[in-house]
Amino acid sequence: MSPAVAAKEGGRQRRAGSHRHHHHHHQQHCLDVRSEAPPALALCEDGLPGGEAEALLPPEPGWRGARGCRAELGSILLLLVLYVLQGIPLGLAGSVPLILQSKSASYTDQAFFSFVFWPFSLKLLWAPLVDAVYLRGFGRRKSWLVPTQYVLGLFMIYMSTQVELLLGDGEGRGPDVVALTVTFFLFEFLAATQDIAVDGWALTMLSRENVGYASTCNSVGQTAGYFLGNVLFLALESASFCNKYLRFQPQPQGIVTLADFLFFWGAVFLITTTLVALFKKENKELTPTKEETKGITDTYRLLFSIIKMPAVLTFCLLILTAKVGFSAADAVTGLKLVEEGVPKEHLALLAVPMVPLQIILPLIISKYTAGPQPLNTFYKAMPFR
């Protein structure tokens, strides 16, 4: 499970760099927002993905009144779909180690493959680029989202033709771990770029009172996508699972192979992207001209100044060291069990009861983590672990 968690946390450390505002300006907005917004959405303290300046601006004179949650259901569902799609590559990358283990790859290979999750942790580095460069006519977010998703879809379809070769045939030719790592690294890199674009868009797509739903969509959608790409895939891929629960006549292979699965999701990516490109317009009324983006260098400068703050440095140190004690247990347990002969789909099915928990817990905990001391829950829960 640890890769999913790591990726999620990568997803949480959202881009500090995209405030296109001077500090004083921004603080003034924080105050505005705190006085008007309900506590659940107090934008400045609720770790909002991306902190898009447009979303923080006071309503324009021509703004079409308050829109309820109902009115934006379409946008919320679209975000959910986009986040689910983003979870698929994560889930697939999470299931490859188990497949490798069942083909008896070494732990060195496994460790090498874990580089695949780095793009999600490091996307802060190229997030300002995605934020600052775009085709105005096509839309600030869509000019990244649409190409990225098309490339992802085509890449998945191409991978579906190659992946059987890379995984090895089991007879003498083992899995080609380097090639697998490189392809999946590119794959996750694309997914992380899609994530940056969706996060930014979420904040301009939803009106101010509903912007809190963006992070809910993120955690729910990513979890669901991870589930589809990991648990569902490993279950359907396993011959024994399919024979036991889904078939009348047993057969030596699962219902889907990795190639079929990649092909299917590649097609889904292409279809949804086409629909988004054609039918979803970016709302222009939220982008006041006076707040035009500063250049990329400015964004990076701001990002650097944020990172230099002592509180942020301490926090980074905390996050970097908090998991050290568990890393071996988290990473190796599953692989050891596969090695001892536990079928990999059983391990994946153990994650099933966790999915509703991962969806519900953020909703419950959010009222404790939204206040002035959001990390208290973390401190209290850590010793139990």
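Residues numbered from 1 in each chain as written. Predicted model: local features only at pLDDT ≥ 70, side-chain atom pairs only at ≥ 80, totals over all residues. Heavy atoms only, no water.

### Comments concerning the UniProt feature "transmembrane region" (unreviewed entry) in the chain
Logical step 1: Per the UniProt record, "transmembrane region" (unreviewed entry) is annotated on residues 76–100, 112–135, 147–167, 179–203, 224–241, 261–279, 300–326 and 346–365.
Logical step 2: The distance separating the terminal C-alpha atoms of residues 224–241 is 21 Å; by composition the span is 94% helix and 0% strand. (UniProt positions renumbered as here; feature names shortened; annotations may be inferred. Helix = DSSP H or I, 4+ residues; strand = E, 2+ residues; numbered from the N terminus.)

### Topic: helix 9 (residues 177–205)
Logical step 1: Taking 1.5 Å of rise per residue, the 29 residues of helix 9 would be expected to cover 42 Å, and the 40 Å separating its terminal C-alpha atoms lies within 8% of that figure.
Logical step 2: In terms of burial, helix 9 is a largely internal element, 23 of the 29 residues being buried. (Expected span 1.5 Å × (residues − 1). Buried < 20%, exposed > 50% of the residue type's maximum accessible area, 1.4 Å probe, protein only.)

### Quick look at the pattern of salt bridges
Logical step 1: Scanning the entire structure with this criterion turns up 3 salt bridges.
Logical step 2: One salt bridge connects K123 with D195, and the closest N-O pair in it is separated by 2.3 Å. With a gap of 72 residues between them, K123 in the loop between helix 6 (118–122) and helix 7 (127–132) and D195 in helix 9 connect regions that are remote in the sequence.
Logical step 3: Residue classification places D195 among the buried residues on the basis of a relative accessible area of 0%.
Logical step 4: Here K344 makes a salt bridge to E237, at a shortest N to O gap of 3.6 Å. One end of the pair, K344, is in helix 16 (residues 344–350); the other, E237, is in helix 10 (residues 213–237), and 107 residues separate them in sequence. (Salt bridge = Lys/Arg side-chain N within 4 Å of Asp/Glu carboxyl O.)

### Regarding the nonpolar core
Logical step 1: Judged by nonpolar contacts, the single largest core of 47 residues is most densely connected at L92, M156, L180, F184, F187, F233 and L262.
Logical step 2: Of all the secondary structure elements, the ones that give two or more residues to this core are helix 4 (73–102), helix 7, helix 8 (142–167), helix 9, helix 10, helix 12 (258–279), helix 15 (324–339) and helix 16.
Logical step 3: Of the residues forming this core, the biggest block, 9 residues, is contributed by helix 4.
Logical step 4: Apart from residues lying up to four places away in sequence, F187 is in contact with P89, L92, L152, F155, M156, M159 and L262.
Logical step 5: In terms of nonpolar packing, the next biggest core, distinct from the first, is built from 15 residues, I76, L78, L79 and C217 among them. (Core = buried A, V, L, I, M, F, W, Y, C linked by side-chain atoms within 4.5 Å. Contact = heavy atoms within 4.5 Å.)

### What about the packing of helix 4 against helix 9?
Logical step 1: Between helix 4 and helix 9, the least distance of the axes is 10 Å, while the angle of their chain directions is 160°. Judged by the angle between their axes, helix 4 and helix 9 are roughly antiparallel. Viewed along their axes, helix 4 and helix 9 form a crossing whose handedness is left-handed.
Logical step 2: The residue inventory of the contact of helix 4 with helix 9, partitioned by class, reads 18 nonpolar, 3 polar and 3 charged. (Axes fitted to C-alpha atoms, helices over the stretch in contact; angles between N-to-C directions. Parallel < 35°, antiparallel > 145°, perpendicular 65-115°, else oblique. Left-handed = near helix turned anticlockwise from the far one by under 90°. Nonpolar A, V, L, I, M, F, W, Y, C, P; charged D, E, K, R; others polar.)

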